[in-house]
Amino acid sequence: YFPPSAYKTPILNLLRTASDQTINFIIEIVNHSVEHYIKSNLDEVGIEEVDVFIEDSKPIKQYVSSRLWDMYRGSHVGPDLLISIHIALEKWLLEFGKNASKEELEKHCLHLLKDSKSASISAVVSSIVFAQPFKLFNVATILFKTEAFFFYDTTRLLKERTQKGTLEMLRDSFPTHDIEDEMYQDDRIKSYDDKHRIYMLETIAFFYQFKGSEDDSENDFKERQ
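Report follows, based on the coordinates.

**Details of the overall build of the chain**
Looking only at helices and strands, the chain features eleven helices and two strands. Put simply, the chain runs from its N terminus to its C terminus through helices and strands in the order α-α-β-β-α-α-α-α-α-α-α-α-α. On C-alpha atoms alone, the chain measures out to a radius of gyration of 17 Å, which is about the 17 Å that the 2.2 N^0.38 rule sets for 225 residues. With respect to the three principal axes, the spread of C-alpha positions in the chain is 55 × 40 × 35 Å.

In structure tokens form, the structure reads like this:
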């Protein structure tokens, strides 16, 4: 599965044709994987369990580490298969979010947050919040309640600023003779130019204090503040 890519597995096409079933499958395989990860000798000090507060129900427990939070960006060492699945999930949600209603997009993101044991899924959801902040304000407020997410996402953003150059250097230094692999590499490199990549949880919280959407009434904006 190297180099990891949204196109390396059937997941992206499955999401486009059977989104609900595929999301359930992704949650199942990621939960299964994280349970084995926490029992391994990888990142014994770096893994922590955090509370994710959804509505007024009992907090959801998720495992988080830099390895997990950075999974969807491929900027930390991890299984290429799992990285590819996370990249595909983010790519589909970004596509879906452009035309979906607030209710439809929020439903998928809440489902992912509620049923996941891994913060690698929460990190993907945070990326969609950055891309669609006004559709996903309610989801953003859930992420804001878990302090550890701020620290991991700040580290993720710092890596974003150098990772594109690193990937370009590796591509140029070790050129592939496989047309498909070249396409996978270029797709990942281009992803660093997405407009929402400049945000992190801290800046999006700041953003909500001063920005409103065209559809906002004055009361909507004040309530969000």
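**Here we look at the packing of helix α2 (residues 19-39) against helix α4 (residues 80-99)**
With their axes 11 Å apart at the nearest point, α2 and α4 run at an angle of 145° to one another. Here α2 and α4 pass one another in a crossing that is left-handed. Across the interface between the two elements, Ser19, Ile23, Ile26, Ile29, Val30 and Ser33 from α2 touch Leu82, Ile85, His86, Leu89 and Trp92 from α4. Split by residue class, the contact of α2 with α4 holds eight nonpolar, three polar and no charged.

**As for helix α8 (residues 147-173)**
Here α8 contains 27 residues, and its C-alpha end-to-end distance of 40 Å stays within 8% of the 39 Å for a straight helix at 1.5 Å per residue. Along its length, α8 reaches its greatest deviation from straightness, about 40°, at Thr162. Looking only at α8, the buried set comprises Ala148, Phe149, Tyr152, Asp153, Arg156, Leu157, Glu160, Gln163 and Leu167.

**Re the nonpolar core**
In this structure, Ile26, Leu89, Leu112, Val129, Val139 and Phe149 are the most contacted members of the largest nonpolar core, which totals 54 residues. If you tally residues by element for this core, the top one is α4, at nine residues. Excluding its chain neighbours within four sequence positions, the residues that come into contact with Val129 are Leu136, Val139, Ala140, Leu143 and Tyr208.

**Considerations on the environment of Ala131**
Structurally, the position occupied by Ala131 is in helix α6 (residues 119-131). The exposure class assigned to Ala131 is partly exposed, which follows from its relative accessible area of 28%. Remark: the alpha-carbon pair of Ala131 and Leu105, spanning 26 residues in sequence, is separated by 12 Å. Ignoring anything within four residues of it in the chain, the contact list for Ala131 reads Leu94 and His196.

**Comments concerning a nonpolar patch on the surface**
On the surface, Met169, Leu170 and Phe174 cluster together into a nonpolar patch covering about 340 Å² of accessible area. Mapped onto the elements of the fold, Phe174 is located in the loop between α8 and α9 (179-191). For Phe174, a relative accessible area of 60% puts it in the exposed group.

**Quick notes on the pattern of salt bridges**
Overall, the coordinates contain eleven salt bridges when judged by the stated rule. Asp51 is the partner of Lys61 in a salt bridge, and the nearest nitrogen-oxygen pair spans 2.7 Å. One end of the pair, Lys61, is in strand β2 (residues 60-64); the other, Asp51, is in strand β1 (residues 48-52), and ten residues separate them in sequence. On the basis of relative accessible area, Lys61 is assigned to the partly exposed category, the value being 44%. Ionic pairing is found between Asp187 and Lys91, a salt bridge with its closest N-O pair at 3.6 Å. One end of the pair, Asp187, is in helix α9; the other, Lys91, is in helix α4, with 96 residues separating them in the sequence. Among the ionic contacts, a cluster of salt bridges with common partners joins Arg73, Asp153, Arg156 and Glu160.

Criteria and cut-off values
- Residues numbered from 1 in each chain as written.
- Predicted model: local features only at pLDDT ≥ 70, side-chain atom pairs only at ≥ 80, totals over all residues.
- Heavy atoms only, no water.
- Helix = DSSP H or I, 4+ residues; strand = E, 2+ residues; numbered from the N terminus.
- Rg over C-alpha atoms; globule rule 2.2 N^0.38 Å.
- Axes fitted to C-alpha atoms, helices over the stretch in contact; angles between N-to-C directions.
- Left-handed = near helix turned anticlockwise from the far one by under 90°.
- Contact = heavy atoms within 4.5 Å.
- Nonpolar A, V, L, I, M, F, W, Y, C, P; charged D, E, K, R; others polar.
- Expected span 1.5 Å × (residues − 1).
- Bend = angle between axes of the 7 residues up to and from the residue.
- Buried < 20%, exposed > 50% of the residue type's maximum accessible area, 1.4 Å probe, protein only.
- Core = buried A, V, L, I, M, F, W, Y, C linked by side-chain atoms within 4.5 Å.
- Patch = residues over 30% accessible without salt bridge, like charges linked within 9 Å, V, L, I, M, F, W, Y side chains within 5 Å.
- Areas by Shrake-Rupley, 256 points an atom, 1.4 Å probe, with all protein chains shown as cover.
- Salt bridge = Lys/Arg side-chain N within 4 Å of Asp/Glu carboxyl O.

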